[in-house]
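Overview (structure and organization)
This is what each chain is made of:
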Amino acid sequence: MEQVQAEKRVKELQDLLNQYNYEYHVLDKPSVPDSEYDRLLKELIQLEEKYPHLKTPDSPTGRVGGNVLDAFEKVQHRTPMLSLGNAFNEADLRDFDRKVRQAVGDRYQYVCELKIDGLAVSLRYEDGQFVQGATRGDGTIGEDITANLRTIKSIPLKLTEPVSLEVRGEAYMPKRSFHALNEIKEVNGEEPFANPRNAAAGSLRQLDPKIAASRNLDVFLYAIGDIGTTGVESHSEGLELLEKLGFKTNKERRVCPTIDDVLEYVNSWVEKRASLPYEIDGIVIKVDSLQQQEELGTTAKSPRWAIAYKFPAEEVVTKLTGIELTVGRTGVVTPTAILEPVKVAGTTVKRASLHNEDLIREKDIKIGDYVVIKKAGDIIPEVVKVLAEKRTGEEQSFSMPKECPECHSELVHLDGEVAVRCINPKCPAQIREGLIHFVSRDAMNIDGLGEKVITQLFKENLIEDVADIYRLQFDQLVNLERMGEKSAQNLLDAIEKSKENSLEKLLFGLGIRHVGAKAAKILAQEFGTIDHLRLATVEQLRNINEIGEKMADSIHSYFNLEEAIEVIEELKSLGINMEYKGPRIRALEDVDSYFAGKTIVLTGKLLQLSRDEAKEKIELYGGKVTGSVSKKTDLVIAGEDAGSKLTKAEQLGIEVWNEERFLEELKS
Ligand code: IVH
């Protein structure tokens with residue numbers, strides 16, 4: 001075949017196969033038999049092999065899985081990937097509805113969707129081409145799994161329009177593929193996957209994309225990452241836009257005008273879910289109007305305009321054979337039930353936290369009891385109740401010891417707490433747990449350095465405090481159990497990389513009492529560097545909106561501890577970054593910014609800056625950029641061809657600037 005002819009045919013085949021693929025995997029309505037598809041695909045593979053320059057990134061031949069990767073790159077999400085608050089019963093849903101009504105008034109409607117039990121993914125398209133796919137990770141930073149996602153045939157490699165946007169959805173493994181996969185695993189003597197969610201996650205976390213390609217994964221898209229730029233005004237319109245662009249959405253969604261309709265929808269799925277070809281673990285309820293979503297806003301972790309109703313968890317009976325004590329990072333001693341292994345919601349449960357002595361007494365738990373177990377939120381095992389009728393009289397009561405099980409110092413009840421604590425700062429259990437916390441995902445997020453490796457390093461006296469992690473040497477690591485040369489090097493690389501983390505990760509990792517991941521971020525944004533934070537007075541700390549009295553005192557006392565300062569100085573000298581790297585919420589110091597504290601909407605086409613750049617600048621000077629115009633908007637920056645948002649701003653009497661005025665302000 002001639003070059004020119006080949007080029008024409010390759011293009012023809014790519015388009016045709018992409019179309020057939022879309023019909024089969026997205027619409028579920030194939031227009032040609034599989035054999036025809038296979039024949040054309042074979043022809044395309046041959047032509048692309050002969051003329052490799054004709055193989056484009058959106059060619060359907062790219063679905064079979066490309067080169068094996070060394071590791072996944074990290075991806076920073078442009079807008080955070082939030083999770084959802086949970087509802088477990090009718091009362092929770094009615095409570096949610098009440099709050100929505102309070103915030104937005106009587107006129108609103110919900111969209112109910114199935115909560116697909118897979119893993120959240122983000123897909124980025126530029127000019128209509130699929131360019132990057134990522135996991136949710138910690139919500140801010142995920143992993144680049146583009147090569148694996150490319151193998152999912154319902155993910156379009158090219159959209160019907162050359163638009164640039166980021167979409168979000170759930171990748172999952174259909175029940176059939178899951179059972180087939182586990183059968184193969186069992187035949188091969190391998191450990192089967194506990195449930196389709198784990199199977200999907202396990203498949204997408206493989207470095208060899210051919211494995212993902214062989215796993216028959218699928219996807220439903222349910223959101224546009226930054227909807228502000230699409231002109232869409234409701235969630236349902238957003239889903240329609242996704243469909244128009246070629247994405248697969250879930251068709252079981254319903255618009256529900258009232259909470260009673262929501263409850264009816266929820267109840268209808270309690271039984272019906274078993275007949276679905278994929279697993280769901282609940283129903284997601286979302287306020288439809290984007291403007292109302294905006295008015296409701298979000299908490300640090302989840303939006304106030306949506307909630308996930310979780311189906312009741314499966315309950316099973318097993319025997320409680322013992323109670324073990326563990327000492328946490330803050331010295332709290334927690335009793336844990338040791339159980340006869342039993343399968344619950346797909347995984348084998350052997351232990352369940354009993355939280356504290358009061359709870360053991362309340363539930364009247366004795367060693368040797370038969371107990372009912374469930375997994376709260378389908379994840380955390382919990383003892384629901386004791387089956388007292390099964391008692392033989394052999395059961396033994398339990399009481400908390402007076403001494404720390406690790407360091408044998410006396411345990412105390414701190415002011416009114418139910419928990420008992422070991423208050424020995426040198427208690428090895430607390431130190432070890434503190435180290436585990438330091439490397440965990442929301443803290444320094446060091447890949448390959450989990451509980452097991454930390455425990456080994458600690459036992460071998462290779463690390464005594466967090467600074468020692470940055471002094472580890474290749475020879476020390478390679479000699480550890482189950483550690484090869486490659487993993488030792490990977491670990492060192494991950495440790496090195498963590499030095500660059502933005503300040504909030506370190507702040508959270510230090511384990512200052514009462515300072516969670518969210519507070520750490522606020523502190524980092526407010527103070528910018530650890531030295532500024534260190535010098536903050538209790539008053540300054542208390543003046544920050546989200547920082548309460550207890551936390552302010554705790555932060556202040558922490559930075560007055562000699563040992564704390566010592567560790568920070570050591571970390572500094574080892575090259576750990578001590579600055580905040582994200583956008584600042586307040587105006588830059590010494591800059592009297594117009595944008596500080598203002599809520600700003602960008603609309604229309606900007607000519608000098610990209611929308612992301614404009615957003616970044618506004619945030620840098622302390623402003624907040626949102627997607628739709630409401631009473632809370634302070635300023636609208638309107639580029640060319642601005643549409644309904646501009647009209648709305650004018651109706652509401654909100655100040656409007658053109659791009660030129662905006663640039664002028666930036667310069668000043
Ligand atoms: S909306 C900001 N819709 O459930 C809210 N989530 O914690 C974004 N999920 O990890 C989530 N089906 O991956 C939404 N129809 C659906 C969903 C869904 C499954 C997952 C999602 C997230 C978790 C919520």
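Predicted model only: the values in this text are computed from it and were never measured.

Rules behind the numbers
- Residues numbered from 1 in each chain as written.
- Predicted model: local features only at pLDDT ≥ 70, side-chain atom pairs only at ≥ 80, totals over all residues.
- Heavy atoms only, no water.
- Helix = DSSP H or I, 4+ residues; strand = E, 2+ residues; numbered from the N terminus.
- Rg over C-alpha atoms; globule rule 2.2 N^0.38 Å.
- Contact = heavy atoms within 4.5 Å.
- Areas by Shrake-Rupley, 256 points an atom, 1.4 Å probe, with all protein chains shown as cover.
- Lys, Arg positive; Asp, Glu negative; His and termini not counted.
- Charge placed at Lys NZ, Arg CZ, Asp CG, Glu CD.
- Axes fitted to C-alpha atoms, helices over the stretch in contact; angles between N-to-C directions.
- Parallel < 35°, antiparallel > 145°, perpendicular 65-115°, else oblique.
- Left-handed = near helix turned anticlockwise from the far one by under 90°.
- Pairing = 2+ DSSP bridges.
- UniProt positions renumbered as here; feature names shortened; annotations may be inferred.
- Buried < 20%, exposed > 50% of the residue type's maximum accessible area, 1.4 Å probe, protein only.

What follows deals with the overall build of the protein. Looking only at helices and strands, the protein has 25 helices and 22 strands in total. Here the C-alpha atoms of the protein give a radius of gyration of 28 Å, agreeing with the 26 Å that 2.2 N^0.38 yields for 668 residues. The long-range share in the protein, meaning contacts at least 24 apart out of those at least 6 apart in sequence, stands at 67%. Carbon and sulfur atoms form 48% of the exposed surface of the protein, whose accessible area is close to 34200 Å². A gap of 3 Å separates the mean positions of the 89 positive and 113 negative side-chain charges of the protein.

Moving on to the packing of helix α12 (residues 428-439) against helix α13 (residues 451-459). Between α12 and α13, the least distance of the axes is 10 Å, while the angle of their chain directions is 135°. Between α12 and α13, the crossing angle belongs to the class labelled oblique. Judged by the sense of rotation from one axis to the other, the crossing of α12 with α13 is right-handed. Counted together, Pro428, Ile431, Arg432, Leu435, Ile436 and Val439 of α12 and Glu451, Ile454, Thr455 and Phe458 of α13 form the full contact between these two elements.

Spatial strand order, β5-β4-β7-β8: four strands in an open sheet with antiparallel pairing. Sheet topology places β5 (129-135) and β8 (218-224) at the edges, where each strand pairs with a single neighbour. In this sheet, adjacent strand axes meet at a mean angle of 30° when their direction is disregarded. As paired strands, strand β7 (residues 165-172) and β8 are joined by six bridges and run antiparallel to one another. Following the sheet pairing, Gly169 is matched in β8 by Leu221.

In the numbering used here, UniProt assigns the "binding site: NAD(+)" (unreviewed entry) feature to Asp34, Ser35, Glu36, Tyr37, Asp38, Ser83, Leu84, Glu113, Arg136, Glu170, Lys286 and Lys310. These residues run over 277 residues, and the two farthest C-alpha atoms among them are 43.5 Å apart, placing them at more than one spot. With respect to the helices, strands and loops of the structure, Tyr37 is situated in helix α2 (residues 34-50). Residue class for Tyr37 comes out buried when judged on its relative accessible area of 16%. For Tyr37, the residues in contact, after removing those within four places along its chain, are Leu17, Tyr20, Asn21 and Pro60. Relative to the elements of secondary structure, Arg136 occurs in the loop between β5 and β6 (141-143). Non-local contacts of Arg136, meaning those with residues more than four positions away in its chain, are made with His77, Met81, Leu82, Ser83, Ala120, Ile141 and Gly142.

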